[in-house]
Amino acid sequence: MQNPIFKSLPQSVSHSLFSPSLTIIVPKRRTARAIMPCTSLVESSDGNGAVRSFKLKESTFLAAQMPKKEIAADRFIEAHPEYDGRGVIIAIFDSGVDPAAAGLRVTSDGKPKVIDVIDCTGSGDVDTSTVVKADDNCCITGASGASLVINSSWKNPSGEWHVGCKLVYELFTDTLTSRVKKERKRRWDEKNQEAIAEAVKQLDQFDKVLHHLCDYFLQ
């Protein structure tokens, strides 16, 4: 038996998938003229015909990208207002989610739409396969050999801790690495020049003492 929702869909729908918990409706590919909203039509005075003047607005542009009316999604929501995703948690893996965007602030029932944001940049860069256990003082030995104190509020029933280390230069970009090395060289040169000046001063004093000793024994 055909579902009533498919009877109300226009011919612009190419195919659809329906189940009690999931509905996916895919419209046919739309042309650029249909997607780009046109707010005014200006008649050309030079006899070349009508020239369409496109003035894009955020609301009209986004509405054209999400054609709810064409696929009868608006009528479906009106018939089933509670079918808006409430109570559903979705995990999104993306390289650029803006949690401050207007559409990501609150749900239809007033709850925060974004539950948590985790920055996984560089995840897996550090090898933490080494496992150690804490001593009686809640201290562990890190992969670099340094002694680390475990926060007493952390709950770890197994008592095992994964540790790892990585050279900071391996995490830097080439530009940052070059800049850091230049800065370190500048500081090293300053200290080096100070050390050279002090060594020359002490050598000069030694020469003077040696000269006086020679004069004393040659008298």
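In this report, we go over the structure that sits alongside the text. All values derive from a computational prediction rather than experimental measurement.

Overview of the overall build of the chain
From N to C terminus, the chain includes five helices and eight strands. The N-to-C order of helical and strand elements in the chain reads α-β-β-α-β-β-α-α-β-β-β-β-α.

What about the nonpolar core?
With five residues, the main nonpolar core is built from Val 132, Ile 140, Ile 150, Trp 161 and Val 163. Among residues more than four places away in sequence, those in contact with Val 132 are Ile 140, Thr 141, Gly 159, Glu 160, Trp 161 and Val 163.

As for the environment of Asp 116
Within the secondary structure layout, Asp 116 lies in the loop between helix H4 (73-79) and strand S5 (130-133). Expressed as a C-alpha distance, the spacing of Asp 116 and Pro 99, which sit 17 residues apart in the sequence, is 9.3 Å.

Considerations on the packing of aromatic side chains
Remark: the centre distance and the inter-plane angle together describe each pair of aromatic rings, the angle taken between the planes. Overall, the coordinates contain three aromatic pairs when judged by the stated rule. When the ring of Trp 154 is compared with that of Trp 161, the centres are 6.1 Å apart and the planes differ by 45°; the resulting orientation is tilted. Taking the relative accessible area as the measure of exposure, Trp 161 reaches 17% and is therefore buried. Between Tyr 169 and Phe 172, the ring centres sit 6.0 Å apart and the planes meet at 90°, which makes this aromatic pair edge-to-face. Look at Phe 172 and you get partly exposed, because its relative accessible area is 28%. One Lys or Arg, Lys 181, reaches over the ring of Tyr 169 and ends 5.5 Å from the middle of that ring.

Regarding the environment of Asn 156
The topology assignment puts Asn 156 in the loop between strand S7 (147-149) and strand S8 (160-163). For Asn 156, the side chain forms a polar contact with the side chain of Ser 158, separated by 2.9 Å.

Rules used in this analysis
Residues numbered from 1 in each chain as written. Predicted model: local features only at pLDDT ≥ 70, side-chain atom pairs only at ≥ 80, totals over all residues. Heavy atoms only, no water. Helix = DSSP H or I, 4+ residues; strand = E, 2+ residues; numbered from the N terminus. Core = buried A, V, L, I, M, F, W, Y, C linked by side-chain atoms within 4.5 Å. Buried < 20%, exposed > 50% of the residue type's maximum accessible area, 1.4 Å probe, protein only. Contact = heavy atoms within 4.5 Å. Phe/Tyr/Trp six-rings, centres within 6.5 Å; stacked < 30°, edge-to-face > 60°. Lys NZ or Arg CZ within 6 Å of the ring centre and 35° of its normal. Polar contact = N/O pair within 3.5 Å; in protein donor to acceptor, adjacent residues only side chain to side chain.

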